[in-house]
Amino acid sequence: MRQPNWTASAADQPGVRAIPPGLHFVSTPIGAARDITLRALDVLAGADLLLAEDTRTLKHLMEIHGVPLGSRHVMSYHEHSGEAVAARLIAALREGKSAAYASEAGTPLISDPGFVLARSVVAEGLPIFAAPGPCAAICALTVSGLPSDRFLFAGFAPTTGSARLRYLEEFAAVQATLIFYESPKRVGALLADLVTVCGGARHAVVCRELTKRFEEVARGTLADLAGDFSDRAVRGEIVVLVDRAVPEEASAEHIEAALVAALQTMSVKDAASVVSQTLGIPRKMAYRIALERSKGGD
């Protein structure tokens, strides 16, 4: 097996910017090659070491943008790489080398094996940097039209039906827009299970092939989307977004119990603020009840 050239330095090439020592996570396009940032190109051109989830994808991207590989070797790093690659990387970083890691597409560590690599480098107290850029989850949220002030990235759901239902139940009541990645072969099953768990009236969006030629953004209720995708053959990368749950109306007993508990450790003002935010009730109402309870306890 050919061993990576850990000693070659791109910084020795004329016109290439020196890259600070450490591990640099480089975000790469999720579709359109021109979505890569100028900084990402600088890092890819100047890093001493190159690692990638898919070496062919990274080499092709560098070729498109005219980034010379030179004598450097692109080391494969994926979920089955084991500890040997990380150990070699850490040894090189200790020598003051710079390394760039790119996932197959999008932002490293988002549904990507780079997380393990990051933990190893952090544990050694070595520097980590990020060249931010494309991310399918954020791109989908941007075009979805769903609330973006609070969102939860849930990644890929389990592939089996029973496990998927249990998984989705964890998020059904979350007060945030939910973001899932899914295989085109299972998107219909995911939507059907979301109807079961969240109800068919919840608004949702299915994004397909974002930034690519056949980009599609389908909006509607979960019931409508589940019907549309139930027997439809789809291809490409899929992101499914689900609107936040409608908060349940708190009863008077629930509000009073929450305020009594909060007043054990908080002032009337703070207790009213916390309970109003938690239960989604007007702050004036919470403050009035908290004040009454406070006086009643004297």
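What comes next concerns the included structure. (Residues numbered from 1 in each chain as written. Predicted model: local features only at pLDDT ≥ 70, side-chain atom pairs only at ≥ 80, totals over all residues. Heavy atoms only, no water.)

**Details of the overall build of the protein**
So, step 1. Helix and strand counts for the protein come out as 11 helices and 10 strands.
So, step 2. Here the protein has a C-alpha radius of gyration of 25 Å; the compact-globule value for 298 residues is 19 Å, and the former is much larger.
So, step 3. Once the C-alpha set of the protein is aligned to its principal axes, its extents read approximately 75 × 55 × 35 Å.
So, step 4. Once local pairs closer than 6 in sequence are excluded, the contacts in the protein between residues at least 24 apart make up 73%.
So, step 5. In the structure as shown, the protein presents an accessible area of about 15,800 Å², 53% of it carried by carbon and sulfur atoms. (Helix = DSSP H or I, 4+ residues; strand = E, 2+ residues; numbered from the N terminus. Rg over C-alpha atoms; globule rule 2.2 N^0.38 Å. Contact = heavy atoms within 4.5 Å. Areas by Shrake-Rupley, 256 points an atom, 1.4 Å probe, with all protein chains shown as cover.)

**Some words on the sheet that holds strand β2 (residues 49-52)**
So, step 1. Taking strand neighbours across the sheet as the criterion, the five strands line up as β3-β2-β4-β1-β5 in an open arrangement whose pairing is parallel. A strand with exactly one partner marks an edge of an open sheet, and here the two such strands are β3 (74-76) and β5 (128-131). Sheet twist, expressed as the mean angle between neighbouring strand axes with direction ignored, is 25°.
So, step 2. Pairing between β2 and β3: three bridges, direction parallel. Among the inter-strand pairings, Ala 52 is bridged to a residue of β3, identified as Ser 76.
So, step 3. With respect to the sheet, helix α2 (residues 55-64) is in contact with β2, β3 and β4 (98-102), its orientation differing from that of β3 by roughly 155°.
So, step 4. Its contacts with the sheet put helix α4 (residues 114-123) on β1 (22-26), β4 and β5, and the angle it makes with β1 is roughly 155°. (Pairing = 2+ DSSP bridges. Axes fitted to C-alpha atoms, helices over the stretch in contact; angles between N-to-C directions.)

**Section: the packing of aromatic side chains**
So, step 1. Within the structure shown, the criterion is met by six aromatic pairs.
So, step 2. On the basis of an interplanar angle of 80° and a centroid distance of 5.8 Å, the ring pair of Phe 25 and Tyr 101 is categorised as edge-to-face. Separated by 76 residues along the polypeptide, Phe 25 in strand β1 and Tyr 101 in strand β4 bring together distant segments of the chain. In this pair, the class of Phe 25 matches that of Tyr 101, namely buried. (Phe/Tyr/Trp six-rings, centres within 6.5 Å; stacked < 30°, edge-to-face > 60°. Buried < 20%, exposed > 50% of the residue type's maximum accessible area, 1.4 Å probe, protein only.)

**Side note on the nonpolar core**
So, step 1. One finds Phe 180, Leu 191, Leu 194, Val 206, Phe 229, Val 240 and Val 242 to be the most contacted residues of the largest nonpolar core, which totals 25 residues.
So, step 2. Mapped onto this core, the elements with two or more residues apiece are α6 (161-169), β7 (177-182), α7 (187-198), β8 (203-208), α8 (222-229) and β10 (238-242).
So, step 3. Here this core takes six residues from α7, the largest share from any one element.
So, step 4. Among residues more than four places away in sequence, those in contact with Leu 194 are Leu 168, Phe 180, Gly 199, Leu 222, Val 240 and Val 242. (Core = buried A, V, L, I, M, F, W, Y, C linked by side-chain atoms within 4.5 Å.)

**Considering the pairing of β4**
Two faces, one strand: in a regular strand the side chains alternate between the faces of the sheet.
So, step 1. Of all five residues in β4, five are buried; the element is thus mostly enclosed.
So, step 2. Neither face of β4 is exposed, since Ser 98, Ala 100 and Ala 102 on one face and Ala 99 and Tyr 101 on the opposite face are all buried.
So, step 3. One ladder, built from five bridges, connects β1 with β4; its direction is parallel. Within the sheet, the bridge partner assigned to Phe 25 lies in β4 and is Tyr 101.
So, step 4. Across four bridges, the pairing between β2 and β4 is parallel. In the sheet register, Leu 49 faces β4, and the bridge partner there is Ala 99.

**Structural notes on the packing of helix α3 (residues 83-94) against α4**
So, step 1. Packing of α3 against α4 leaves a shortest axis separation of 10 Å and a crossing angle of 40°. Comparing the axis directions of α3 and α4 gives the class oblique. Relative to α4, the crossing made by α3 is right-handed. Across the interface between the two elements, Ala 86, Leu 89, Ile 90 and Leu 93 from α3 touch Leu 117, Ser 120 and Val 121 from α4.
So, step 2. By residue class, the composition of the contact of α3 with α4 is six nonpolar, one polar and no charged. (Parallel < 35°, antiparallel > 145°, perpendicular 65-115°, else oblique. Left-handed = near helix turned anticlockwise from the far one by under 90°. Nonpolar A, V, L, I, M, F, W, Y, C, P; charged D, E, K, R; others polar.)

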